[in-house]
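Overview (structure and organization)
Below are the chains, spelled out letter by letter.
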Amino acid sequence: DTVETAGYVTRLKDWGCRYWEVALEAHGKGPPLPFDAVLVVDRSGSMGSGPGSPMEYAKEAASWFAGEVLRANPENQVAVVSFGLEGAKHPLFPLRVGDLNADTNVDIGFSSDLEKVQSAIESLYTHGGTNTQAGFLKALQLMTTARRNSKRVIVLLTDGVPTVSIGFPYGP
């Protein structure tokens, strides 16, 4: 938050008493923009649970990231979106198909409260297939509520390849 200025005012004698040349330069750096981040966490069945599981590592990484971002600037915010196939019924398929709203949760919207963000991360559970498309699209929807004057970032934490997408059943 530093601004340096330099300038001068000179009376122009040749132009009469009412003419002045004024020059001003200003150089500086404004305050850093606040940061709005969405953590998109895969909670599909392959993430597993318990010690040594991909979910344990994803939670650890997400919690660390949230702490780094929120401690860096009190105006920064983090949100958490999770995804895993819950599915919707489809008239043509006997299996459930990927669905944007059924397969995603906004576990916490943008918040600068580290304790609440970490609590949302810790409450994640595993279930279903990997609908990465739904998770990412839900994060993009959430980003429309981010502040206009913020730096925006989406971080995806997953263990692998999608197994389902919106409108299609689970499959390889």
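Residues numbered from 1 in each chain as written. Predicted model: local features only at pLDDT ≥ 70, side-chain atom pairs only at ≥ 80, totals over all residues. Heavy atoms only, no water.

Below, the discussion takes up the nonpolar core. With 20 residues, the main nonpolar core has L39, V41, V78, V80, V117 and I121 as its most contacted residues. Elements supplying a minimum of two residues to this core: β3 (35-42), α1 (54-72), β4 (77-83) and α2 (114-122). Looking at this core, the element that brings in the most residues is α1, giving seven residues. Among residues more than four places away in sequence, those in contact with L39 are A62, F65, V78, A79, V80, V81, I121 and V155. Grouped together as the second largest cluster of nonpolar side chains are 10 residues, F83, F110, M143 and A146 included. (Core = buried A, V, L, I, M, F, W, Y, C linked by side-chain atoms within 4.5 Å. Buried < 20%, exposed > 50% of the residue type's maximum accessible area, 1.4 Å probe, protein only. Helix = DSSP H or I, 4+ residues; strand = E, 2+ residues; numbered from the N terminus. Contact = heavy atoms within 4.5 Å.)

Let us now look at the packing of α1 against α2. Close contact between α1 and α2 brings their axes to 10 Å; oriented N to C, the two are set at 165°. If you check the angle between α1 and α2, you find them roughly antiparallel. Crossing hand, α1 versus α2: right-handed. Mapping the contact onto sequence places K59, A62, S63, A66, G67, L70 and R71 in α1 and L114, V117, Q118, I121 and E122 in α2. A breakdown of the residues in the contact of α1 with α2 according to their chemical character gives six nonpolar, three polar and three charged. (Axes fitted to C-alpha atoms, helices over the stretch in contact; angles between N-to-C directions. Parallel < 35°, antiparallel > 145°, perpendicular 65-115°, else oblique. Left-handed = near helix turned anticlockwise from the far one by under 90°. Nonpolar A, V, L, I, M, F, W, Y, C, P; charged D, E, K, R; others polar.)

On the surface, a nonpolar cluster with roughly 230 Å² of combined accessible area is contributed by F136, L137 and L140. Summarising the element assignment, L137 is placed in helix α3 (residues 132-143). Exposure remark for L137: the relative accessible area of 33% places this residue in the partly exposed category. (Patch = residues over 30% accessible without salt bridge, like charges linked within 9 Å, V, L, I, M, F, W, Y side chains within 5 Å. Areas by Shrake-Rupley, 256 points an atom, 1.4 Å probe, with all protein chains shown as cover. Salt bridge = Lys/Arg side-chain N within 4 Å of Asp/Glu carboxyl O.)

The buried fraction of β3 is high, at seven of eight residues. Alignment of β3 against strand β6 (residues 151-157), held across seven bridges, turns out to be parallel. Opposite V38, over in β6, you have I154 as the bridge partner. On the question of chirality, the crossover connecting β3 to the parallel β4 by way of α1 is right-handed. (Pairing = 2+ DSSP bridges. Right-handed = clockwise from strand over helix to strand, strands pointing away.)

The pLDDT averaged across the protein chain works out to 86; a share of 84% of its residues lies at or above 70. Within the protein chain, α2 carries the highest mean pLDDT (98), whereas strand β1 (residues 2-11) carries the lowest (71). (pLDDT = per-residue confidence, 0-100.)

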